[in-house]
Amino acid sequence: MKKFYVTTAIDYVNAPPHLGHAYEKVCADVMRRFKRAKGFDTFFSTGVDEHSLNVYRQAKDEGISPMEYCNRMVPMFVNSWESLNIEYDRFIRTTDDNHIKSVRHLLQKIYDKGDIYMDKYKGWYCVSCEAYLQESELVDGKCPVHNKKAEWFEEDNYFFRLSKYADKLLEHIEKHNGFILPTTRENEIVNIIKNGLLDISISRASEGWGIKLPFDENQIIYVWIDALTNYMSAAGYSDNNKLFNKYWPANLHIIGKDITRFHSIIWPAMLMSGGLTLPERIYAHGFMTIDGKKMSKTGNNFIAPDEIVGLAGSDAVRYFVMREMPFGDDMDFTWSRFWGKYNSDLANDFGNLVSRTFSMVDKYAGGKVPKFEAAEDIDINYMESIKRPDTDYFKQMENCQFALALNTVWEIVAKANRYVEETKPWRLNKTPLAAARLGCVLLNLLESLRIISSYSYPFMPVSSEKVWRALGMDEDIKEKAFAKVNEWEILEKGRELVAPGMLFPRKDIK
Ligand code: MSP
């Protein structure tokens, strides 16, 4: 059995998660469900990044320990992902014992290799980026991303010989097609490397909290070096060899475009130095804004994932973010766009197709899967156009082109709705000759719903499974969604069906 290991970035805990963070977790969940249904042995990790300076300072302001602060924040992430049906295997916290062990283990290996040395660091630091910035990157002394004053740091730090790996990184990117998606991001990374890499500081001697360096307990490990290692800790590095040997390397790191450099330069170089295999692919997605503004962690520009799920249901939220966020690009969220898509795509196109198909089967076929008796060209052509082994869907899914894959599925939904309009089953019922064909039309619609529910399963697991079960499919959709997706007449003839009920009730968007 082939394996597939997918990860998300781990979120900073100093503010609750918003819809932008949720989007990334949905991407990973969709991918894992897709791969599992294709027969892969899958593993999915997500979690939180706790050792940031922001956490340390906020806890201090409140007079509590950083750990107490994190313990208070973590349930917000866990609950949000649960509300969205994110089925991860490991929720990693960077304060977990096995992660601490992993990070120290890896750093010792890099140190033993001779890739770490002590030097003096002087420079501007943005606490929100948790990164040093060049003087030239500052705007009025502020970090351009967070619009906050950069702080001057000066201390003895340990450095990692990143510069040593420039050529090896370029070679790796060249040899591995699609290592970084989309290609525009890969080109950016290649340019950065070609312009020359500087060694990076990987420890802190001053304020903060974190994991101690194994070879100098007076210094704590830079939070990004700590956080990146989570991908290996989550899969058992340093404490579960069996798990680690099975799932490492990760097949896909899903991250936001703002952190591509950390993942495509620093992380692979660390792995090369530690003698470990590199991940297969890094997908850098775009950013979500709200009403044209940056998503914030509080106030009007904040959308809590579990609240929007409370309003529309998890499948609708998952569908919307996956359908509307273009591959690698940004997307602006507005409530009117959200409810507009909900009503048009889910309540009308999808929900209506399901409810009218089941109600016609009930009315004209006694609620049972009809037999195939007579068909016309239009019915045969229709069937051929739906069960297409050459569908773009699989390729799009493999390449993280989720919005395109959903377009492909909704083309089938539209075709099925057009087929209803063209064949007018309610008229076929009128004469005995036409009635023979009615069975075929209804069967075609039921088989279409089966195929649609297969394809939509990774995106909308709850409603897809409801449709699948209502069609009398006994196999588990989780594992078998794609097993018969190119076949027809799979539904058991004569089987009594029970409609799945209203999936997406129309919403008044005023
Ligand atoms: N802790 C680091 C990641 C370490 S991974 C080894 C971090 N945390 S974060 O909380 O700032 O962001 C977590 C993820 O959410 C990142 O991939 C980031 O790009 C993504 N997003 C944050 N805001 C987002 C949007 N508005 N839209 C889409 N994704 C967003 O970076």
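The structure this text deals with has already been given above.
So, how was this worked out
The residue numbers shown here count from 1 along each chain, following its written sequence. Restriction of local features to residues with pLDDT of at least 70 applies here, the model being predicted, together with a cutoff of 80 or more for giving and counting side-chain atom pairs; totals for whole chains, interfaces and linings are based on all residues. To obtain the side-chain values, all non-hydrogen atoms of the structure were used and water was disregarded. The way it works is that DSSP assigns letters per residue, a run of H or I at least four long becomes a helix, a run of E at least two long becomes a strand, and they are numbered from the N terminus. Radius of gyration means the value over C-alpha atoms here, while the globule rule gives 2.2 Å times the residue count to the 0.38 power. Summary of the burial criterion: residues with accessible area below 20% of their type's maximum are buried, those above 50% are exposed, and those between are partly exposed, where the area comes from a 1.4 Å probe applied to protein chains only. A contact between two residues is defined here by any heavy atoms of the two lying within 4.5 Å. Per-residue and other accessible areas were derived by the Shrake-Rupley procedure at a 1.4 Å probe size, with only the shown protein chains allowed to occlude residues. In summary, the charge assignment counts Lys and Arg as positive and Asp and Glu as negative, without counting His or the chain termini. A charge is said to be at NZ when it belongs to Lys, at CZ for Arg, at CG for Asp and at CD for Glu. A pair of strands is considered paired only if DSSP assigns at least 2 bridges between the two. One fewer than the residue count of a helix, multiplied by 1.5 Å, yields its expected span. The directions from the helix axis to the C-beta atoms are what the arc is built from. Near residues are defined by distance, with any heavy atom within 4 Å of the molecule or strand qualifying the residue. Within 3.5 Å is the distance limit for a polar contact, defined as a pair of N or O atoms, with the added protein rule that one can donate a hydrogen and the other accept it, and that residues adjacent in sequence qualify only through two side-chain atoms. By the convention adopted, Pro, Cys, Tyr, Trp, Phe, Met, Ile, Leu, Val and Ala count as nonpolar, Lys, Arg, Asp and Glu as charged, and the other residues, Gly among them, as polar.

> So what's going on with the overall build of the chain? Residues and values would help.
When helices and strands are tallied, the chain shows 20 helices and 17 strands. Relative to a compact globule of 510 residues, whose C-alpha radius of gyration would be 24 Å, the chain shows 26 Å and is just as compact. Taken along the three principal axes of its C-alpha coordinates, the chain extends 90 × 50 × 40 Å. Out of the 510 residues in the chain, the part that is buried amounts to 57%. Restricting to contacts in the chain with at least 6 residues of sequence separation, those with at least 24 account for 79%. Summed over its atoms, the accessible surface of the chain is roughly 21,500 Å², and 49% of this surface lies on carbon and sulfur atoms. Both charge centroids of the chain, one from 66 positive and one from 71 negative side chains, sit 3 Å from each other.

> Account for the pairing of strand 3 (residues 41–49), naming residues and giving values.
In terms of residue burial, strand 3 counts as a mostly covered element, since 9 of its 9 residues are buried. Of the strand pairs in this sheet, strand 1 (residues 3–8) and strand 3 are connected by 5 bridges, and their pairing is parallel. By the bridge assignment for strand 3, Lys 3 is matched with Asp 41. Pairing analysis gives 2 bridges linking strand 2 (residues 11–12) to strand 3, with the strands arranged parallel. If you follow Asp 11 over to strand 3, its bridge partner there is Val 48. Relative to strand 4 (residues 90–93), strand 3 runs parallel, the two sharing 4 bridges. Within the sheet, the bridge partner assigned to Val 48 lies in strand 4 and is Arg 93.

> Kindly report on the sheet that holds strand 9 (residues 200–201), identifying the contributing residues and their values.
Hydrogen bonding along the main chain pairs the strands of a sheet, whether they run parallel or antiparallel. Read across the sheet, 4 strands follow the order 6-5-7-9 without closing on themselves; strand pairing throughout is antiparallel. Among the strands making up the open sheet, the edge pair consists of strand 6 (131–133) and strand 9. Pairing geometry for strand 7 (residues 151–160) and strand 9, over 2 bridges, is antiparallel. Looking across to strand 9, one finds that Phe 160 is bridged to Ile 200.

> I'd like to hear about helix 6 (residues 183–194), residue by residue, with values.
For helix 6, spanning 12 residues, the distance from its first C-alpha to its last is 16 Å, which sits close to the expected 16 Å at 1.5 Å a residue. Considered for burial, the residues of helix 6 that qualify are Arg 185, Glu 186, Ile 189, Val 190 and Ile 193. Down the axis, helix 6 shows its buried residues gathered within 140° of arc, on one side only. Seen from the buried face of helix 6, the exposed residues on the opposite side, beyond 90 degrees, are Thr 184 and Lys 194.

> Could you give an account of the site of the ligand, with specific residues and numbers?
The local shell around the ligand holds 23 residues, among which Ile 10, Glu 24, Asp 49, Gly 256 and Asp 258 are the closest. A distance of 2.9 Å separates an oxygen atom of the ligand from a polar backbone atom of Gly 256. Within the complex, the protein chains bury 94% of what would otherwise be the 660 Å² of accessible surface of the ligand. Among the secondary structure elements, those contributing two or more residues to the shell around the ligand are strand 2, helix 1 (19–37), helix 7 (223–228), helix 8 (230–233) and strand 13 (252–256). Tallied by class, the residues present in the shell around the ligand amount to 11 nonpolar, 8 polar and 4 charged.

> Can you tell me about the sheet that holds strand 16 (residues 293–294), naming the residues and giving the values?
Sheet architecture is open: 3 strands sit in the order 16-15-17, paired in mixed fashion. Looking at which strands have only one partner, the edges of the open sheet turn out to be strand 16 and strand 17 (331–333). Where strand 15 (residues 288–290) lies against strand 16, 2 bridges are found, and the strand directions are antiparallel. When the bridges of strand 16 are listed, Thr 289 appears paired with Lys 294.

> Residue-level account of helix 4 (residues 97–112), with values.
Residues spaced three or four apart along an α-helix face the same direction, because each turn holds 3.6 residues. Taking 1.5 Å per residue as the helical rise, helix 4 with its 16 residues ought to reach 22 Å, and the 23 Å between its terminal C-alpha atoms agrees with that figure. Taken as a whole, helix 4 has its buried residues at Asn 98, His 99, Ser 102, Val 103, Leu 106, Leu 107 and Ile 110. Projected down its long axis, helix 4 shows its buried positions confined to an angular sector of 165°, all on one face. What points out from helix 4, more than 90 degrees from its buried face, is the exposed set Asp 97 and Asp 112.

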